[in-house]
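The chain contents come next:
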Amino acid sequence: MSLQISTRYRSALAGLLAMVALPAMAEDLQMWERSGGNAGMVDALVAAWNEKNPDRKINLTYIPHTDMVPKIAQAIASGEVPDLMGMDLIYGPQFEAAGQLVDITDKVKDWPELKTAVQGHMTVSTYEGRLYGVPLYADVSALFYNKDLFRKAGLDPEKPPTSLAEIREYADKITALGGDVKGYFLPGSCAGCNIFTVGPLMWASGATIEPRDANDEPLQGDGVKEVLQWARDMIKAGNVHEDARAETGETFHLRFGSGKIGMMGTGNFNITLAKEQNPSMDFGIALLPGVKSGQVSSFAGGDIVAIPMGSKRIDDAIDFMKFLLSDETQVEVYAKMLNMTTRGDMTENKYFQAEPKVQQVAKAIAVAETPYTLKFFELINSPQGPWLQMLQRAYYEDTDLDTIISEAKAQMKAIAAE
Amino acid sequence: MHSKTSSYVGLLYVAPALAFVLTFTVYPLAQMVWMSLHNWSLIAPKKYIGFGNFVKAWNDPQVWTSLEFTLKYTLFITPILMILGYLIALLTAENSPMRQFTRSVVFAPVVIGLGASSLLWYWLFSYDFGLINRALIDLGLITRPVVWFGADADISMWAVIVSIVWKVIGFGTILFVAAIHAIPGEIGEAAMVDGASYWQRVRAITLPLTAKTILLVTLVSVIGSLLAFDQFYIMTAGQPRNLTATSVFLIYLNSFPYLKLGYGAALSLILAGIILVCTFLQMLLSRRSHA
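Residues numbered from 1 in each chain as written. Chains lettered and ligands numbered in written order. Predicted model: local features only at pLDDT ≥ 70, side-chain atom pairs only at ≥ 80, totals over all residues. Heavy atoms only, no water.

*Asks:* Describe in detail the interface of chain B and chain A, supporting the description with residues and values.
*Replies:* Facing the 27 residues of chain B at the interface are 32 residues of chain A. For the pair chain B and chain A, the summed buried surface comes to about 2,500 Å²; carbon and sulfur atoms form 54% of the total. Contact with chain A buries area across many residues of chain B, yet I43, R241 and Y258 of chain B alone supply 28% of it, more than any other trio. Our enumeration of links across chain B and chain A arrives at five salt bridges. Note that E418 of chain A and K56 of chain B form a salt bridge whose closest N and O atoms lie 3.3 Å from each other. The interface formed by chain B and chain A includes twelve residue pairs in polar contact (both at pLDDT 80 or more). Element by element, the count of residues in the side of chain B that touches chain A is highest for helix 12 (residues 247-255) of chain B, at three residues. (Contact = heavy atoms within 4.5 Å. Buried area = accessible area lost by both parts, 1.4 Å probe. Salt bridge = Lys/Arg side-chain N within 4 Å of Asp/Glu carboxyl O. Polar contact = N/O pair within 3.5 Å; in protein donor to acceptor, adjacent residues only side chain to side chain. Helix = DSSP H or I, 4+ residues; strand = E, 2+ residues; numbered from the N terminus.)

*Asks:* Which residues make up helix 21 (residues 401-417) of chain A, and what values do they have?
*Replies:* If you check helix 21 of chain A, its first and last C-alpha atoms are 24 Å apart, about what 17 residues at 1.5 Å a residue would give, namely 24 Å. Elements in contact with the buried residues of helix 21 of chain A: helix 11 (222-236), helix 19 (376-381) and helix 20 (386-396) of chain A. (Expected span 1.5 Å × (residues − 1).)

*Asks:* Residues and numbers for the environment of I234 of chain B, please.
*Replies:* Residue and element names in this part refer to chain B. If you trace the backbone, I234 turns up in helix 11 (residues 230-235). Look at I234 and you get partly exposed, because its relative accessible area is 26%. If near-sequence neighbours (up to four positions away) are discounted, I234 is found in contact with G115, S118, L119 and Y122. (Buried < 20%, exposed > 50% of the residue type's maximum accessible area, 1.4 Å probe, protein only.)

*Asks:* Give me the lowdown on a nonpolar patch on the surface, citing residues and values where you can.
*Replies:* Residues and elements named next belong to chain B. There is a patch of nonpolar side chains on the surface, built from Y8, V9, L11, Y13, V14, L18, F20, V21, L22, F24 and V26 and spanning about 1,100 Å² of accessible area. Mapping Y8 onto the fold places it in helix 1 (residues 2-36). The exposure class of Y8 is exposed, given its relative accessible area of 52%. (Patch = residues over 30% accessible without salt bridge, like charges linked within 9 Å, V, L, I, M, F, W, Y side chains within 5 Å. Areas by Shrake-Rupley, 256 points an atom, 1.4 Å probe, with all protein chains shown as cover.)

*Asks:* Go over the nonpolar core with me, naming the residues and quoting the values.
*Replies:* Generally speaking, soluble globular proteins have nonpolar side chains that are buried together. Residue and element names in this part refer to chain A. Y184, M202, M263, W387 and M390 are the most contacted members of the largest nonpolar core, which has 146 residues in total. Residue-level mapping places this core at the junction of two domains, with at least three residues from each of domain 1 (30-139 + 301-368) and domain 2 (141-300 + 372-417). Contacts of M390, omitting those with residues within four sequence positions, involve M202, L219, V224, L228, I404, I405 and A408. (Core = buried A, V, L, I, M, F, W, Y, C linked by side-chain atoms within 4.5 Å. Domains from an automatic or database assignment.)

*Asks:* Pulling in residues and values, what's your account of helix 13 (residues 270-277) of chain A?
*Replies:* Restricting attention to buried positions, one finds in helix 13 of chain A the residues N270, I271 and A274 of chain A. Viewed along the axis of helix 13 of chain A, the buried residues span an arc of 105 degrees, placing them on a single side of the element. (Arc of directions from axis to C-beta.)

Okay, here's the thing in structure tokens:
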């Protein structure tokens with residue numbers, strides 16, 4: 001009898017445990033990703049994972065881009081974190097330094113894929129020699145130019161500008177076509193758009209922008225002033241649409257496809273978009289130049305995927321990271337969608353070979369930089385930060401540029417020192 | 001003994017309300033004061049810094065810029081809301097079907113969310129696609145589109161004021177109409193018999209007898225304007241160069257995107273103090289005028 005009861009109890013207990021355990025095993029992984037990023041790419045990656053892993057699907061939630069940092073911070077503070085999250089790569093160092101991401105170094109140290117992963121993403125995923133994330137997707141900036149307008153302006157469509165002086169020269173000719181056509185585009189109220197497209201003009205000219213830490217000097221090099229002077233002159237010469245001043249980033253991605261802009265710095269995402277917007281428009285892609293011919297640079301942006309401290313599915317999250325970097329995902333998901341592969345050794349693939357424009361923009365990866373700072377948002381990305389304030393004063397005021405730069409430096413240093 | 005028991009019973013009666021106030025007002029306020037004395041980020045351990053955040057606010061030029069802009073916005077929008085709202089109330093106070101319908105139309109935007117209406121006006125003021133630029137060009141008032149947001153702080157402010165007047169004017173109007181209806185009809189009739197003109201009756205009868213409502217609407221309007229956030233967050237994003245970043249915008253920015261909760265709390269306390277002073281002054285002035 002006693003054995004019977006005991007067996008019954010054991011069975012009941014086992015049944016109860018099974019009821020509790022089974023749903024837990026079948027539970028989806030929760031992943032957060034910022035909206036306003038490359039949602040189509042992330043959707044496709046998650047769909048590909050879910051197809052291969054029906055027993056541990058990922059449930060993806062998009063968080064408004066501007067709310068992402070506070071939302072993650074609140075989640076961390078309350079302990080209600082997702083199992084993994086995609087985040088704008090520039091915020092990586094801030095969360096790593098605060099000890100809020102899981103150190104994955106020991107779990108991934110033998111992965112050969114990491115050797116060729118996009119350098120900028122890997123740099124911001126590393127803090128004090130430990131790794132906290134891997135690339136989720138990559139965006140690079142480049143100079144897009146409208147070949148139709150080049151032809152109309154008497155320019156050679158196969159010879160894009162190779163210096164800032166040439167951009168100015170070409171822009172003058174394109175603007176002279178009249179109507180609503182302008183030679184260039186500078187987003188006046190968008191900090192992120194400017195670090196993505198104007199930042200590389202400064203880097204290419206040998207300048208630095210953000211302070212890495214409190215001891216680092218921001219805005220170093222003559223390139224800062226030279227680029228600001230060039231931008232001011234471009235605007236004064238009427239080479240930029242008047243409403244560019246109000247561009248907060250809302251319609252930045254739609255500008256080039258309008259067909260009314262001769263040249264502009266934008267990202268690889270604009271290839272597909274411009275084709276959809278304006279199928280008949282003929283356009284080319286070149287690297288963003290510096291002051292002198294031959295100087296080039298780019299901004300490697302995008303997202304990393306990381307595991308927040310408190311995640312209960314670390315091993316599953318690591319498997320997803322491995323999946324992202326696998327050869328098959330690189331080619332059959334990233335490349336197939338004409339997005340940048342997140343491994344440098346995967347750019348030679350059938351999809352890129354069939355689309356020369358992607359091959360062209362992929363060259364930017366080799367020269368791209370990614371800022372590394374613990375306070376990127378406050379320093380650079382914030383519409384209220386010193387970076388955008390400096391640009392707006394340079395673009396639209398007549399104040400002496402040395403004064404503008406030295407005031408921006410002081411603001412950046414004060415933020416870095418906090 | 002009896003009085004002691006009844007005081008306990010009294011305490012019991014007010015206990016729910018007291019608990020509510022303690023939980024949702026006193027405790028958060030105390031927590032905010034505590035927070036303002038710290039360098040407090042959600043992702044890093046907090047650090048006690050005394051009045052450091054208040055000293056920082058005093059020395060922060062953006063705090064003064066935001067405060068100046070917020071006061072300027074309040075000073076401009078409040079008289080517009082009051083005068084226009086009162087005029088509409090006078091025009092529509094009589095209960096004819098057409099006037100009742102007009103009142104409803106004026107009041108309708110009040111029920112729309114501020115976020116939704118701000119977005120609506122953001123696109124109406126759009127440089128390329130906006131109805132406002134198109135209409136002004138077609139009417140021959142301007143020759144080329146105006147960049148309403150992001151170029152000039154004053155132009156941006158006036159564009160926001162137009163949108164907010166449209167959005168909230170109905171609220172004051174309805175209160176004014178109710179106050180006008182509360183005036184006994186015979187007072188106006190007696191004045192008419194004495195030969196008082198319409199504007200004489202408004203000046204000598206309607207305005208004094210609706211003074212309390214005018215004070216209430218002014219108070220609500222001033223506090224609402226000092227706390228302005230949604231409309232500027234959506235329509236101007238503080239641009240150009242933070243010149244349209246209101247005080248609450250600055251608090252939001254520091255507390256959330258910058259994760260400086262301590263500094264944000266200090267700024268909130270400063271703003272709460274300013275609003276308290278404004279309210280007190282307004283009530284004092286009103287009492288004096290009644291005395």
